[in-house]
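The lines below spell out each chain.
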Amino acid sequence: GESVGLHLPTLSVQEGDNSIINCAYSNSASDYFIWYKQESGKGPQFIIDIRSNMDKRQGQRVTVLLNKTVKHLSLQIAATQPGDSAVYFCAEASGYSTLTFGKGTMLLVS
Amino acid sequence: GAVVSQHPSRVICKSGTSVKIECRSLDFQATTMFWYRQFPKQSLMLMATSNEGSKATYEQGVEKDKFLINHASLTLSTLTVTSAHPEDSSFYICSAFRTSGGTGEQFFGPGTRLTVL
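To keep things clear, this report deals only with the structure shown in the data block.

Cut-offs used in this document
- Residues numbered from 1 in each chain as written.
- Chains lettered and ligands numbered in written order.
- Predicted model: local features only at pLDDT ≥ 70, side-chain atom pairs only at ≥ 80, totals over all residues.
- Heavy atoms only, no water.
- Pairing = 2+ DSSP bridges.
- Helix = DSSP H or I, 4+ residues; strand = E, 2+ residues; numbered from the N terminus.
- Axes fitted to C-alpha atoms, helices over the stretch in contact; angles between N-to-C directions.
- Phe/Tyr/Trp six-rings, centres within 6.5 Å; stacked < 30°, edge-to-face > 60°.
- Buried < 20%, exposed > 50% of the residue type's maximum accessible area, 1.4 Å probe, protein only.
- Lys NZ or Arg CZ within 6 Å of the ring centre and 35° of its normal.
- Contact = heavy atoms within 4.5 Å.

1. With respect to the sheet that holds strand S8 (residues 76-81) of chain B
All names here are of chain B. Taken in spatial order, the four strands of this open sheet run S1-S3-S8-S7, and their pairing is antiparallel. Two strands lie at the open edges of the sheet, namely strand S1 (4-7) and strand S7 (67-73), each paired on one side alone. Along the sheet, successive strands turn relative to each other by an average axial angle of 15 degrees, direction set aside. Two elements, strand S3 (residues 19-25) and S8, share six bridges in a ladder whose sense is antiparallel. Bridge pairing in S8 links Val19 to Val81.

2. Remarks on the packing of aromatic side chains
The geometry of an aromatic ring pair is captured by two quantities: the separation of the ring centres and the angle between the planes. Residues and elements named next belong to chain B. Enumeration according to the criterion identifies nine aromatic pairs over all chains in this entry. Pairing Tyr36 with Phe108 gives two aromatic rings, centres 5.6 Å apart and planes at 45 degrees, and the pair type is tilted. Residue Tyr36 is located in strand S4 (residues 32-38), and its partner Phe108 is located in strand S10 (residues 103-108); the two are separated by 72 residues in the primary sequence. We classify Phe108 as buried; its relative accessible area is 12%. Seen from their ring centres, Phe67 and Tyr92 are 6.4 Å apart, and the 40 degrees between their planes marks the pair as tilted. One end of the pair, Phe67, is in strand S7; the other, Tyr92, is in strand S9 (residues 90-100), with 25 residues separating them in the sequence. Both residues of the pair, Phe67 and Tyr92, count as buried. When the ring centre of Phe28 is taken as reference, the NZ or CZ atom of Arg98 above it lies at 6.0 Å.

3. Remarks on the environment of His7 of chain B
All names here are of chain B. Relative to the helices and strands, His7 is located in strand S1. A relative accessible area of 53% means that His7 is categorised as exposed. For the pair His7 and Pro110, spaced 103 residues apart in the sequence, the C-alpha separation amounts to 9.2 Å. Beyond its immediate chain neighbours, meaning those up to four positions away, His7 contacts Lys20, Ile21 and Glu22.

4. Things to note about unusual backbone geometry
A cis geometry characterises the amide bond from His7 of chain B onward to Pro8 of chain B, with omega recorded as 0 degrees. Within the secondary structure, Pro8 of chain B sits in the loop between S1 and strand S2 (10-13). A positive phi is found at Arg61 of chain A, a non-glycine position, where the angle reads about 65 degrees. Position of Arg61 of chain A among the secondary structure elements: in the loop between strand S6 (56-58) and strand S7 (62-67). Residue Arg61 of chain A is classed as partly exposed on the basis of its relative accessible area, which comes to 31%. Notably, Ala79 of chain A is not glycine yet its phi reads approximately 50 degrees, a positive angle.

5. Remarks on the sheet that holds S7 of chain A
Residue and element names in this part refer to chain A. Taken together, four strands build an open sheet; the order of strands is S3-S8-S7-S6 and the sheet is antiparallel. Among the strands making up the open sheet, the edge pair consists of strand S3 (19-24) and S6. Within this sheet the neighbouring strands show an average axis-to-axis angle of 15 degrees, counted without direction. Sheet analysis places S7 next to strand S8 (residues 72-77), joined by six bridges and oriented antiparallel. Note on S8: the bridge partner recorded for Leu65 is Ser74.

Here it is in structure tokens:
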């Protein structure tokens, strides 16, 4: 299930399940979006990106969906594995300029 | 390719001392690097944008005299936390921007954990 902590929402899933992590972005002018994975004590790792002229993009086991109407972004991870346990951040940018990071979601795979 | 390193990975210092953190792009040149700060269980907050050969641009609320940034070459940016205090304890992360044609991408370093006693 999903719970909201003081600062970091947490999503707990079983190994093999599909995970969906959501993100609401704030700037309607943003046209570039990225999902990052951050393991404890490490820097962010690029997962997948999408430009605003697309509404879906697929990678290996991951899919990003973009809904510009409601300013919503989601990351779907298929067949979640223990190694997917991490904090996931969405980030938005206008062009390829500075990134604004979302609050993050901790994914726990058991 | 596109590897960014940070040094040190972890530093502990006494209150009132200064600490320098280095950010290097190892296999590409970066005219622009970024510095972020991340507190526990929180997101990355952009502190400043570092441009090679010019002054850094600081985000609102970030003291430029406290967080000195030097981007002296296309592969190195440094962040110096001057007169550090316990509230400066945080995870500092840099990124380097690599351009490719008309686009670009930020590549992140592994972060530096600063603890001020």
